[in-house]
Amino acid sequence: MKCDKCNEKLGFESLPSKIYFVSEFDELMAKSRIFLMKLGLNLFKIHDLHYIKVEDTKEFFKSNIDAIKSHFNQMSAQDIKVYIDYENLGFSYKMVLHAKPLQRYINMIDDKEFFDVINNQSLTSYFQPIIDVNTNSIYGYETLTRGVKADGSLIYPDELFEKSARNDMNFKLDRMCRESALKTAATKKVNKKVFINFLPTSVYDPEFCLKSTVKWAKQLEIDPSNIIFEVVETEKVTDQNHLKSILEYYRNEGFKIALDDVGEGYSSLNMIIELKPDIIKIDRNIIKDIDKDDYKVSVYKALVSLARDRGIKILAEGIETAYELEIIKEIGVDYLQGYYFAKPLPEPIRKI
């Protein structure tokens, strides 16, 4: 059984279609009708829904994109739903369920490079080393996703996930990133720990949504104990029991868990106590200039104390200076990461 969220391929086909316009608001339906009539198109009606017939769907949107953006503001474009029927299937409840905001179709043109990356699965992973303090050697690597455009240039994670979020594509992108990390690590013959970020809000059901990730790990013959999944954006998690079920699924498969961006506030402390991760990654905002800020030193000490009492390893990320490193080592730390040692690179460095 396939998940529509993860497997849908979004884009326009250069094919004839019926394009339906749907909204719960009468004024927006009227606004849509006025717009289509201004374009000189024939309007058809079925069950109070209006639709048009076009010979080339892709060309219709490309040639009219400026007019669409001018006529509909973002709020209107979000509340008007569009369904493109290429197969002349006619009206059905599925049509209404699968209709997407008009804004999404606008984005398909404005964010074309992003959609090309997603539809072509053009992702790669860069590797930033993580240092074991006790052995002064590479313990593992954090894998960091890059989108690869048609010309070979890169789309960086901030842009990828910003466009992914506004197009409701986090489910698909998050899965693709996990799988890209595993495949790239196997290709590069990485035999150290591999840290992989994941968005817990992008997992409906761990048994279903994470199956392909586990499959790739086994297929690539990567030792599960060498894979550490980093929980990111925990502040957006509203169902902590659901998050616990995800982590339990990972642990049952033999993977380890790291809690990313641990910093100030009750939320981080509560997450440590509730989730019992194997590793906590101290937020770079705590690490930055820690040698000049007694408050940051106090926060770092408190986190170290909490982790030590519970047998949790500590990873300090975002280290950029020798002064930061000196203070961190003096207080206590197990693993180190940051530009001071190396930037993320397409080819993992093998020695520090």
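Our subject is the structure that appears above.
Parameters and conventions
Residues numbered from 1 in each chain as written. Predicted model: local features only at pLDDT ≥ 70, side-chain atom pairs only at ≥ 80, totals over all residues. Heavy atoms only, no water. Phe/Tyr/Trp six-rings, centres within 6.5 Å; stacked < 30°, edge-to-face > 60°. Buried < 20%, exposed > 50% of the residue type's maximum accessible area, 1.4 Å probe, protein only. Helix = DSSP H or I, 4+ residues; strand = E, 2+ residues; numbered from the N terminus. Lys NZ or Arg CZ within 6 Å of the ring centre and 35° of its normal.

> So what about the packing of aromatic side chains? Which residues, and what values?
Under the defined criterion, the tally for this structure stands at 19 aromatic pairs. Between F114 and F115, the aromatic rings sit 5.4 Å apart at their centres with planes inclined by 75°, giving edge-to-face as the arrangement. Exposure class is identical for F114 and F115. Each is buried. Ring centres of F198 and Y250 lie 5.2 Å apart, and the angle between their planes is 70°; this geometry places the pair in the edge-to-face category. Placement of F198 in strand β9 (residues 193–198) and of Y250 in helix α12 (residues 240–252) is noted, with a sequence separation of 52 residues between them. The residues F198 and Y250 share a single accessibility class, namely buried. Here the aromatic cluster, defined as three or more aromatic residues joined through ring pairs, consists of F198, F229, Y249, Y250 and F255. Above the plane of the ring of Y126 lies R146, whose end atom (NZ or CZ) is 4.8 Å from the centre.

> With reference to specific residues and values, describe unusual backbone geometry.
Note: most residues except glycine have negative phi, and most peptide bonds are trans. A positive phi angle is found at N88, which is not glycine, with a value near 55°. Tracing the backbone shows N88 in the loop between β4 (81–85) and α5 (93–98). Located in the positive-phi region is K276, a residue other than glycine, with phi close to 50°. Inspection of the secondary structure assignment puts K276 in the loop between α13 (266–275) and β12 (279–282).

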